Amino acid sequence: MNVEVRDLRVDYGEVRAVDGMTFSLDEGKIYGLLGRNGSGKTTLMSVLAGFRRESGGTVRVGGRPVFENGKVTSEICLIRDAGETIDIDKVDDALYFAEWLRPRWDAAYADELLERFGLRRKMSVKAMSKGQRSALGVVVGLAGRSPLTMFDESYLGMDAPSRYAFYDALLADFMAHSRTIILSTHLIEEYSSLFEEVMIIDRGRLVVQEESQTLLSRGTAVTGPADRVEEFTAGLTVLNTRRLGPTASAMVYGDLDEARRRKARETGLELGPIAMQDLFVHLTEPSGDAARAVPSEDASADRSGDTR
Amino acid sequence: MRFPSRLLAANLFFAGMVWAAFYVVTTLITVAIAVFGTLTHSVWEGATQVPRWFALFVGVAMIREFLPLYIAHGQTRRQFGAQAAVTIALYAPALSALLVLGYLLETLLYNVAGWPQELARAHLFASPTDVPLVFLEYLVEFLAWIVAGTFMAAAFYRWQGGGLLSIPPGVGLILLGEAAIGTELQLPFIQIPLDVTSTPAVLTALAGGIGCFLLGLAMTWSIIRDVPLRNRLA
């Protein structure tokens, strides 16, 4: 299902959690939703799922408004840490209602996932560890096969093998049953290989929305003698600079054309990739306006919300 | 609208288990009183003070557990409201039937043992075997207590501490239901004789119960119709 959001605003009393967000998501892709704590990720997904009403703007999923629209919301699944879908007596009870309320529920797949995560139907949900609760949320989210499926930090408390089991299951099921998936996470490096496209939000605003490979290609680490690095990066958007003795390493955001790359090589500078997590940290730097870190042509596109 | 079979079945299954445990405990107390003291009245009658509190918490769970569950599974508040209303409308009679069954089993026990099964309070019914009136009295009571639970739970869910303001109207719903059956309201440490009418007609009681049920549903709906799901439950 595609998603169209225009000038979305969400207020909690005096606090504006989402501030004029505009974007669109295509059908059949895995999106990464990245943002610092309190940036508005959960609020945004809650509105997309019809968990709460928008304060302003429009939200359309599959071309139709979402809030209190059963034809649309029945095709959307959001798994949050709050555990709405699993906070019931036993695992069996959670699946009993999921099977009944989810139109595309795959019971056999749910059983397969339970086994993969080491969960049993008779387990009491309240007695489960945090990681087991998260795993049960993943089971409900994946076996629901909703055309728009969202996981909001669904890895919380899960150990590394369980998280890898989640990534593998997600990818395999996505290949078999294509749908739109949004993953919100703070484990950026672990998740980044899953993302086809990335949205970075900060203080309720969309900072970047790009194909993940394009986003990664926009970041370059320039390393070499400090004076040459400084000269080379003059006029470029420098996210961060680190110095070690006479050597400096600068993170540059923006496309470097072939001429510049050649110049770097000629002056003995090394050009390398930047990890998505580093890009994220610097693009959402709280000390300044995140949008300022984005080159001018991108920033103007961000304001219109059409960053693609 | 889809029939809420699973919501109803889950609640009825739980109620059946609780009733069985409750009946066993009450019977043990009855036997203990007969053996160690003097049994002059129906113990089940006194015990029926408890199930209405259970009914109140069924109403609370309907909002606190099932409303978020439904919305998170892609149902609308309207769909949930309709399914919850049908569930309560069928659940309250089932709960009432279980209390009737308790009275009948007690009558059997008292007859076999030769104990007097006197009633200590005023009721719509004069005898525990007057099944239709026993059923009606508890039906009206359960309808009122369940919707009072949904209303107050909805207010607490939406406004948290502000939900305290829902307690007076919630208690008002309960009083309305109790007034419809013309008995007295027995709360812990409080006994309020209502005396609205000493022996209300069956139709008056039924109309009062249904009115209370519909009013409670309307009051609950006014709160949940656009309630946002909370990120975390306290």
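As annotated in an unreviewed UniProt entry, chain A carries the name ABC transporter and comes from Planobispora siamensis.

Description of the UniProt feature "transmembrane region" (unreviewed entry) in chain B
Residues and elements named next belong to chain B. Here, the residues flagged by UniProt with the feature "transmembrane region" (unreviewed entry) are residues 12–33, 53–72, 84–105, 138–157, 164–181 and 201–224. With 100% helix and 0% strand, residues 53–72 has its two end C-alpha atoms placed 28 Å apart. Taken end to end, residues 138–157 comprises 100% helix and 0% strand; its first and last C-alpha atoms sit 28 Å apart.

A look at the interface of chain B and chain A
Each partner contributes to the interface: chain B provides 31 residues, whereas chain A provides 28 residues. Among the residues of chain B in contact with chain A, B:Arg6, B:His73 and B:Asn231 are the three that bury the most area, contributing 29% of the side total. In this structure, the connection of chain B to chain A is made through two salt bridges. B:Arg77 is paired through a salt bridge with A:Glu68; the nearest N and O atoms lie 3.0 Å apart. Within the residue set of the side of chain B that touches chain A, elements represented by two or more residues are helix 1 (5–36), helix 3 (49–72) and helix 4 (77–113) of chain B. Ranked by residue count, the leading element in the side of chain B that touches chain A is helix 3 of chain B, at seven residues. Partitioned by chemical class, the residues of the side of chain B that touches chain A number 14 nonpolar, eight polar and nine charged.

A closer look at the UniProt feature "domain: ABC transporter" (unreviewed entry) in chain A
Residues annotated in UniProt with the feature "domain: ABC transporter" (unreviewed entry) correspond here to residues 3–228 of chain A. For the annotated span residues 3–228 of chain A, helix accounts for 35% and strand for 31% of the residues, and the straight-line distance between the end C-alpha atoms is 46 Å.

Some details on the domain arrangement of chain A
For interface size, the figure often reported is the accessible area lost on association. All names here are of chain A. Domain boundaries in chain A define domain 1 (3–203) and domain 2 (214–304). On a C-alpha basis, the centroid separation for the pair domain 1 and domain 2 is 33 Å. Between domain 1 and domain 2, the contact holds 14 residues from the first and 14 residues from the second. Taking both partners together, domain 1 and domain 2 bury about 1,100 Å²; carbon and sulfur atoms supply 66% of that area. Connecting domain 1 to domain 2 are zero salt bridges. Taken together, domain 1 and domain 2 are joined by four residue pairs in polar contact (both at pLDDT 80 or more). Going through the elements one at a time, strand 3 (30–35), helix 7 (188–191) and strand 9 (197–202) are the ones with two or more residues in the side of domain 1 that touches domain 2. Tallying contributions element by element places strand 9 first for the side of domain 1 that touches domain 2, with four residues. Class assignment for the residues of the side of domain 1 that touches domain 2 results in six nonpolar, four polar and four charged.

A short note on the side chain of A:Thr233
Residues and elements named next belong to chain A. Take Thr233: it is sitting in helix 9 (residues 226–233). Here Thr233 falls in the buried class, since its relative accessible area comes to 9%. Here Val229 takes part through its backbone oxygen, which lies 2.9 Å from a polar atom of the side chain of Thr233. Reaching out from Thr233, the side chain makes a polar contact with the backbone oxygen of Glu230 at a distance of 3.3 Å. Beyond its immediate sequence surroundings of up to four residues, Thr233 is in contact with Val238, Ala250 and Val252.

Regarding the sheet that holds strand 12 (residues 237–244) of chain A
All names here are of chain A. Strand order in this open sheet of four strands is 12-13-11-14, and the pairing throughout is antiparallel. Edge positions in the sheet fall to strand 12 and strand 14 (270–273), since each of these pairs with one other strand and no more. The average undirected angle you get between the axes of adjacent strands in this sheet is 20°.

Quick look at the side chain of A:Ser212
Summarising the element assignment, A:Ser212 is placed in helix 8 (residues 212–218). With residues near it in sequence (within four places) discarded, A:Ser212 still touches A:Phe195, A:Glu196, A:Glu197, A:Val198 and A:Met276.

A few points about the pattern of salt bridges
Tallied over the entire structure, the rule returns 30 salt bridges over all chains. Among the ionic contacts, a cluster of salt bridges with common partners joins A:Asp11, A:Arg16, A:Asp19 and A:Arg205.

Topic: the layout of surface pockets
If you add up the space inside the largest pocket, you get close to 610 Å³. In terms of lining, the largest pocket is formed by 22 residues, of which the most central are A:Ile88, A:Asp89, A:Asp93, B:Ala10 and B:Phe14. Broken down by secondary-structure element, the contributors of at least two residues to the lining of the largest pocket are helix 3 (91–101) of chain A together with helix 1 and helix 3 of chain B. Of the residues contributing to the lining of the largest pocket, the split by class is 14 nonpolar, one polar and seven charged.

Here's the deal with empty space enclosed by the protein
Residues and elements named next belong to chain A. Tallying each qualifying case throughout the model produces five cavities of 30 Å³ or more. When its volume is computed, the largest cavity comes out at roughly 110 Å³. Lining the largest cavity are 14 residues, and of these Ile79, Arg80, Asp81, Arg133 and Ser134 lie nearest its centre. The element contributing the most residues to the lining of the largest cavity is helix 5 (residues 130–143), with four residues.

Conventions used here
- Residues numbered from 1 in each chain as written.
- Chains lettered and ligands numbered in written order.
- Predicted model: local features only at pLDDT ≥ 70, side-chain atom pairs only at ≥ 80, totals over all residues.
- Heavy atoms only, no water.
- UniProt positions renumbered as here; feature names shortened; annotations may be inferred.
- Helix = DSSP H or I, 4+ residues; strand = E, 2+ residues; numbered from the N terminus.
- Contact = heavy atoms within 4.5 Å.
- Buried area = accessible area lost by both parts, 1.4 Å probe.
- Salt bridge = Lys/Arg side-chain N within 4 Å of Asp/Glu carboxyl O.
- Nonpolar A, V, L, I, M, F, W, Y, C, P; charged D, E, K, R; others polar.
- Domains from an automatic or database assignment.
- Polar contact = N/O pair within 3.5 Å; in protein donor to acceptor, adjacent residues only side chain to side chain.
- Buried < 20%, exposed > 50% of the residue type's maximum accessible area, 1.4 Å probe, protein only.
- Pairing = 2+ DSSP bridges.
- Axes fitted to C-alpha atoms, helices over the stretch in contact; angles between N-to-C directions.
- 1 Å grid on protein atoms, 1.4 Å probe; cavity = no way out; pocket = protein on both sides within 12 Å on 5 of 7 lines; lining within 4 Å.
- Points joined across faces, edges and corners; volume = space filled by probe spheres on them.

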